[in-house]
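# Residue-level structure breakdown
Okay, here's what each chain looks like letter by letter:
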Amino acid sequence: MSQLAGRRAERRVAIATVVGTTVEWYDFFLYASAAGLVFKQAFFAPAGPSIGIVLSFATVGISFLFRPLGAFLAGHFGDRLGRRAVLVTTLIGMGGATTLIGLLPSYASMGIAAPILLVLLRILQGVSAGGEWGGAVLLAVEHAEPERRGRTGAFPQMGVPIGLLLANGMLALMGVLAPGDAFTAWGWRIPFLLSFVLVLFGYLVRRTVQESPVFAEIAQRRQQASVPIITLFRKHAPLVLLAAFTFAGNNAAGYMTTGGYIQNYATDPDGPVRLARGPVLLAVTAAAALWLLTTWVGGVASDRFGRRNVYILGWFFLLATVFPMFALVDTGNVWLLFCGLCLFTVGIGLTYGPQAAFFAELFPASIRFSGVSIAYALGAIIGGAFAPTIATALVQATGTTVSVGVYLAGMAVLALIATLLLRDRKGIDLGPDNEAEQASGAIRGRSAIGR
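The following refers to the structure shown.

### A word on the overall build of the protein
- When helices and strands are tallied, the protein shows 20 helices and zero strands.
- Here the C-alpha radius of gyration of the protein, 21 Å, is about what a compact globule of 451 residues would show, namely 22 Å.
- Projecting the C-alpha coordinates of the protein onto the three principal axes gives extents of approximately 60 × 40 × 40 Å.
- Put simply, 83% of the contacts in the protein that link residues at least 6 apart link residues at least 24 apart.
- Roughly 16100 Å² of accessible area belongs to the protein as shown, and the carbon and sulfur atoms make up 68% of that amount.

### A short note on the nonpolar core
- One finds Phe39, Phe43, Met256, Tyr261, Phe326, Phe359 and Leu362 to be the most contacted residues of the largest nonpolar core, which totals 116 residues.
- With 13 residues, helix α1 (residues 3-42) is the largest single contributor of residues to this core.
- Sequence-distant contacts of Phe43, defined by excluding residues within four places in its chain, comprise Leu104, Pro105, Ser106, Tyr107, Ala114, Pro115, Leu118 and Trp188.
- In this structure, Val13, Ala16, Val19 and Leu87 belong to the second largest nonpolar core, which totals ten residues.

### Digging into the packing of aromatic side chains
- Applying the stated rule across the entire model yields 14 aromatic pairs.
- Ring centres of Phe155 and Trp296 lie 5.4 Å apart, and the angle between their planes is 70°; on these two criteria the pair is classed as edge-to-face. Of this pair, Phe155 sits in helix α7 (residues 149-177) while Trp296 is found in helix α13 (residues 277-305), placing the two residues 141 residues apart along the sequence.
- On the basis of relative accessibility, which here comes to 25%, the residue Phe155 falls in the partly exposed class.

### Concerning empty space enclosed by the protein
- In the structure shown here, the tally under the stated rule is three cavities of 30 Å³ or more.
- Looking at the largest cavity, its volume works out to about 90 Å³.
- If you go around the largest cavity, you meet 13 residues; those closest to its centre are Phe29, Val160, Asn251, Tyr255 and Trp291.
- Residue assignment for the lining of the largest cavity shows that the elements contributing at least two residues are α1 and α11 (228-257).
- Looking at the lining of the largest cavity element by element, the count peaks at five residues for α11.
- Residues that form the lining of the largest cavity fall into these classes: nine nonpolar, three polar and one charged.
- Size it by volume and the second largest cavity reaches roughly 50 Å³.
- As for the second largest cavity, its lining consists of Gly249, Ala253, Leu318, Leu319, Val322, Phe344, Leu408, Ala409 and Ala412.
- Of the residues assigned to the lining of the second largest cavity, the class counts are eight nonpolar, one polar and no charged.

### Here we look at the layout of surface pockets
- Estimated volume of the largest pocket: approximately 450 Å³.
- Along the walls of the largest pocket sit 23 residues, with Ser50, Ile53, Asn264, Asp268 and Gln396 positioned nearest its centre.
- Looking at the lining of the largest pocket, the elements with two or more residues in it are α1, α2 (49-65), α12 (261-267) and α18 (387-398).
- Looking at the lining of the largest pocket, the element that brings in the most residues is α18, giving four residues.
- Residue composition of the lining of the largest pocket, grouped by class: ten nonpolar, ten polar and three charged.

### Concerning α13
- The end-to-end C-alpha separation of α13 is 41 Å, in line with the 42 Å expected for 29 residues at 1.5 Å each.
- Among the residues trailing α13, Gly306 stands out with phi positive, at a value near 100°.

### Focus: a nonpolar patch on the surface
- Residues Leu65, Phe66, Leu69, Leu73 and Phe77 make up a contiguous nonpolar surface patch of about 430 Å² in total accessible area.
- No other element matches helix α3 (residues 67-81), which puts three residues into the nonpolar patch.
- Inspection of the secondary structure assignment puts Leu69 in helix α3.
- Classification of Leu69 by relative accessible area gives partly exposed; the value is 43%.

### Digging into unusual backbone geometry
- Positive phi, close to 55°, is recorded for Arg274, a residue that is not glycine.
- Position of Arg274 relative to the elements: it lies in the loop between α12 and α13.
- By relative accessible area, which is 52% here, Arg274 ends up exposed.

### Comments concerning the side chain of Gln263
- In this structure, Gln263 sits in helix α12.
- With relative accessibility at 0%, the residue Gln263 sits in the buried group.
- In this structure the side chain of Gln263 is engaged in a polar contact, spanning 3.3 Å, whose partner is the side chain of Ser33.

Thresholds, definitions, all that
Residues numbered from 1 in each chain as written. Predicted model: local features only at pLDDT ≥ 70, side-chain atom pairs only at ≥ 80, totals over all residues. Heavy atoms only, no water. Helix = DSSP H or I, 4+ residues; strand = E, 2+ residues; numbered from the N terminus. Rg over C-alpha atoms; globule rule 2.2 N^0.38 Å. Contact = heavy atoms within 4.5 Å. Areas by Shrake-Rupley, 256 points an atom, 1.4 Å probe, with all protein chains shown as cover. Core = buried A, V, L, I, M, F, W, Y, C linked by side-chain atoms within 4.5 Å. Buried < 20%, exposed > 50% of the residue type's maximum accessible area, 1.4 Å probe, protein only. Phe/Tyr/Trp six-rings, centres within 6.5 Å; stacked < 30°, edge-to-face > 60°. 1 Å grid on protein atoms, 1.4 Å probe; cavity = no way out; pocket = protein on both sides within 12 Å on 5 of 7 lines; lining within 4 Å. Points joined across faces, edges and corners; volume = space filled by probe spheres on them. Nonpolar A, V, L, I, M, F, W, Y, C, P; charged D, E, K, R; others polar. Expected span 1.5 Å × (residues − 1). Patch = residues over 30% accessible without salt bridge, like charges linked within 9 Å, V, L, I, M, F, W, Y side chains within 5 Å. Salt bridge = Lys/Arg side-chain N within 4 Å of Asp/Glu carboxyl O. Polar contact = N/O pair within 3.5 Å; in protein donor to acceptor, adjacent residues only side chain to side chain.

Here it is as C-alpha cells:
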C-alpha cells in the first residue's frame, strides 16, 4: 500500500472510531448527568433527597462493575475474531439500552420495577462500554504509521469529550425547551431517545471500516491465542494492574467533575452553591470542548515527546489544579465554576490523549485486545466506578469539598507512581513478528529484548 493510500485508510479509520466512541460515550455520559439531575426524583424518590442521590450515583457505579465482563468478552472475541465485529456489537448494545431508558416508566408509574429495570439497562451499558474502548483504539492505532500513533489514537479518545459535550448540550437544550417540572417529567427523556438515531449513523459508518492490519495478519497465519485472557494474566498480570492504575487517576478526575457529580453538587437547591441547572450544564459543555482540545494536544504531543512524559505533565497539572477547581465551584459564580472546570480538564486531557497509543504499545499483538480492554475496565472500577458516590458521602460527612480534593489528589499520585513504573515504548513494532519484544520489558526494571 502506498503512503498516500495508507494515510487515507488511516483517516477513514480515525473518523469511524471517533464517530463510534462519540455515540457510545454520549450514551454513557447522558446517564451520568441524568443521574445527578433527575433520577433521584424519577426512580428513587421514596428514599428521600439525600439517600436518593447516593442511590442514583450508585447506579452509575454499578455499570463499572460490569465493564470487566464486557472487556473479557470483547477481549476474547476481539483477539479471536477481530476488532471490527466487536465494535459493531458494542455499539448496538449501548444504544439499545439508552433508548430503552428513555422509555422506562418512573417509580410513580411502575413502582419498584422501575429502578430494577434501570439498573439492568445500566448493566448492559457497562458491558457494552467495557468492550468498546479496546476495539476502537486498536483499530485506530494498528492502522497508523508508528510516528503518528499518538495522533491517530487520540481520535477515539476525543469521542469521550465530544460525547460529554453532546450529552450535556442536549440536556441543557431540553432544560430550555422543557423548563422546571416539565424537564423532570419528560424533557430528560428526549436525549435518551435520540440515541437510536445516533447509533444507526454510527453503525453505518463502522460497517465501512476494514479490519486492523495486525489482526488480519494474525488471522491469516492462524496465530490467534486459543484463550487470550488466560495467557494475559499468566504472563502479564502486573502490567495489567499498572496500566489500570494509570487510567484510574484520569477516570476518577473525569467522573468526579465532568461526569455527573459537579452538575448535582452545583445545582442542589439544598446545597451550598445552588446555581440554576441551565448555566451549569452550559458551563460543563463548554469545559468539555477544552477537554476535547487538550486530549488532541496530548495525543499529538506524545508522538513528539513520548507518551510517558506527557502523562507525567498531566498528573502534575491535575495535582496543581484540583483544590483551586473546587474553590472556584464553591464561590457560587457560574463563570468561576467554568474557569475551574477548564483548569482541571487540561490535566484530564493530557492524561487521556496519549492513552490509546500508550496501552497498545504495552501488550503483545496476540493478546492486545484483551490487555488494553481489561486494563481499561479495571482502571474504570478503581477510579471512576463510585467516585461520585464517594464524593457525595465525603461532602455529607465533612461539609467541605476539600475532602473530595484530597481524594482526587490521592488517585492522581497513585496514577503517577504507576506511570513512572512503566516504560515508554513509542514506535515499537506492533506486528505479530515482533511478539518477543512486545512481551518483554514494558515494566521498568525488568529486562527488555534489545534494550
